[in-house]
Amino acid sequence: MKSRRYPEQIALLPYIGKWTFIAGLIALLSGTASAFFLFALDRATGWREAHRWIIWLLPLAGFAVGWVYLKLGSSVEAGNNLLIDEIHDPKKVVPLRMAPLVLIGTVISHLFGASVGREGTAVQMGGTLADQLTHVFRMRHAERRILLMAGISAGFASVFGTPLAGAIFGLEVLAIGRLRYDAIFPCMVAAIAADQVGMAWGVHHTHYAVSGVVAIGFWSMAAVLAAGIVFGLTGMLFAKSTHAASAFMKRHVAYAPLRPLIGGALVAMAVWLVGTRYIGLGIPVMVEAFQQPLAPTDFIGKFLFTVASLGSGFKGGEVTPLFYIGATLGNALAPLLHLPFAMLAGLGFVAVFAGAANTPLASTIMAIELFGPAIGPYAALACVVAYLFSGHAGIYRAQKVGMLKHRLPPVARDRKPPA
């Protein structure tokens, strides 16, 4: 074996310098894009709330976005899954048009009243903008993977204000049971810096107050374990329902722009029947879930509105609706499990996401960043249990199974192979 001329730590310095610079560029691009996106979302949401009649135009808005994607965005319609596929098997640089298309499509979805999130948009913008640096620095495939992962981390961190969770999300989301540690430094730098860039632009993130976390004991741990099972099953059902709705629409409606037109009509009619509580991001309802008892059916309403919106082709993300579903589900479970509303809402907020996205570590860290360290042990238990009980499917089809979540007995394993 050939010995190094310099100690490993000295040889590492150029690597640190290179990726600090590149990750800083990614953070600047992604953090700025996320800030613009969040400001646009606030304006769109405020305008919709002041002019609620616009929801009746949701079918036409859906048709317009679907038509634009059909004509200009067929190569980038896969969204987050395209980024994950490119990390697994690099082929060609993600077209730059993905960023403006998903930005405009998501803002229109929120303006007219679809029930979608924002994570997908921020991650796609971050990954797309980062990938453009492939040309600038003439990156090889291995380095391009790291670029994309850093872009995903930066987008997630800057849109939610959770830099550590964002960094781990970019490493964890690619494959169930495996982390890509070769990208940990660029992802960490990009996520932390992108969050700072967003705040420098004046971005303010919603504060969720979790007070009254109970002391660790037998009952509290058993109750959180039971809640984690429910959260995991809910995350699995959400992922499968969204995929099933999308497959149904594609199978029965051949012309793509008609799918969001039909979905938009269904959502608009549902709003006429039950009101606007389940459309948009739903942040006011999430804040309420940490403060007081809510209707036990709130999580069902958001679940159905989001499946209809995303399944029919509206642009946005799954994660913020999962936060809503989890927080309101936790709120409903709190009196049954004799635990504080805020505590169960916080655990549901992150655990349903952990189950649906198969990201228990990022979700646990997010709980600590958002709600404080006291909830950490409970969040870890809820997120890991939700992750185990959500199966091997998830909201990201391109996510691979790097390692089975558990070792089932031979008979059970033969009956239920991983998806």
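Our structure is the block above this text.
Only a predicted model underlies this, so the values are computations on that prediction, with no experimental measurement involved. (Residues numbered from 1 in each chain as written. Predicted model: local features only at pLDDT ≥ 70, side-chain atom pairs only at ≥ 80, totals over all residues. Heavy atoms only, no water.)

Undergrad: Please explain the overall build of the protein as it appears in this structure.
TA: Along its length, the protein carries 18 helices and two strands. For 419 residues, the compact-globule estimate of 2.2 N^0.38 gives 22 Å, and the C-alpha radius of gyration of the protein, at 21 Å, lies within 12% of that figure. Counting only C-alpha atoms, the protein reaches 70 × 55 × 50 Å along its principal axes. Here the protein holds 419 residues, and 55% of them are scored as buried. In the protein, 79% of the contacts between residues at least 6 apart in sequence involve partners at least 24 apart. Accessible area of the protein: about 18100 Å², with a carbon and sulfur share of 68%. One way to put it: in the protein the 32 positive side-chain charges average out to a point 7 Å from where the 18 negative ones average out. (Helix = DSSP H or I, 4+ residues; strand = E, 2+ residues; numbered from the N terminus. Rg over C-alpha atoms; globule rule 2.2 N^0.38 Å. Buried < 20%, exposed > 50% of the residue type's maximum accessible area, 1.4 Å probe, protein only. Contact = heavy atoms within 4.5 Å. Areas by Shrake-Rupley, 256 points an atom, 1.4 Å probe, with all protein chains shown as cover. Lys, Arg positive; Asp, Glu negative; His and termini not counted. Charge placed at Lys NZ, Arg CZ, Asp CG, Glu CD.)

Undergrad: Teacher, can you tell me more about helix α11 (residues 258–274) here?
TA: Spacing of three or four residues puts side chains on the same side of an α-helix, whose turn is 3.6 residues. In this model, α11 (17 residues) spans 24 Å end to end at C-alpha, consistent with the 24 Å of a helix rising 1.5 Å per residue. Regarding α11, the residues found buried are R259, P260, G263, G264, V267, A268 and V271. One face of α11 carries all of its buried residues, which in axial projection span an arc of 155 degrees. For α11, exposure combined with an orientation more than 90 degrees from the buried face picks out L266, W272 and L273. Buried-residue contacts for α11 involve α2 (58–72), α10 (218–252) and α13 (298–311). G275, located one to two residues past α11, shows a positive phi value of around 95 degrees. (Expected span 1.5 Å × (residues − 1). Arc of directions from axis to C-beta.)

Undergrad: Please explain the packing of α10 against α13 as it appears in this structure.
TA: The geometry of α10 relative to α13 is characterised by a closest axis approach of 8 Å and an angle of 35 degrees between their N-to-C directions. By crossing handedness, the relation of α10 to α13 is classed as right-handed. Contacts between α10 and α13 involve T234, L237, F238, S241, T242, A245, S246 and M249 from the first element and F303, T306, V307, L310 and G311 from the second. Residue composition of the contact of α10 with α13, grouped by class: seven nonpolar, six polar and no charged. (Axes fitted to C-alpha atoms, helices over the stretch in contact; angles between N-to-C directions. Left-handed = near helix turned anticlockwise from the far one by under 90°. Nonpolar A, V, L, I, M, F, W, Y, C, P; charged D, E, K, R; others polar.)

Undergrad: Any chance you could explain the environment of A209 here in plain terms?
TA: Counting through the fold element by element, A209 comes out in the loop between α9 (184–200) and α10. Each C-alpha atom, one on A209 and one on S109, is 29 Å from the other, the two residues being 100 residues apart in sequence. In contact with A209, not counting residues within four places along its chain, are F290 and A342.

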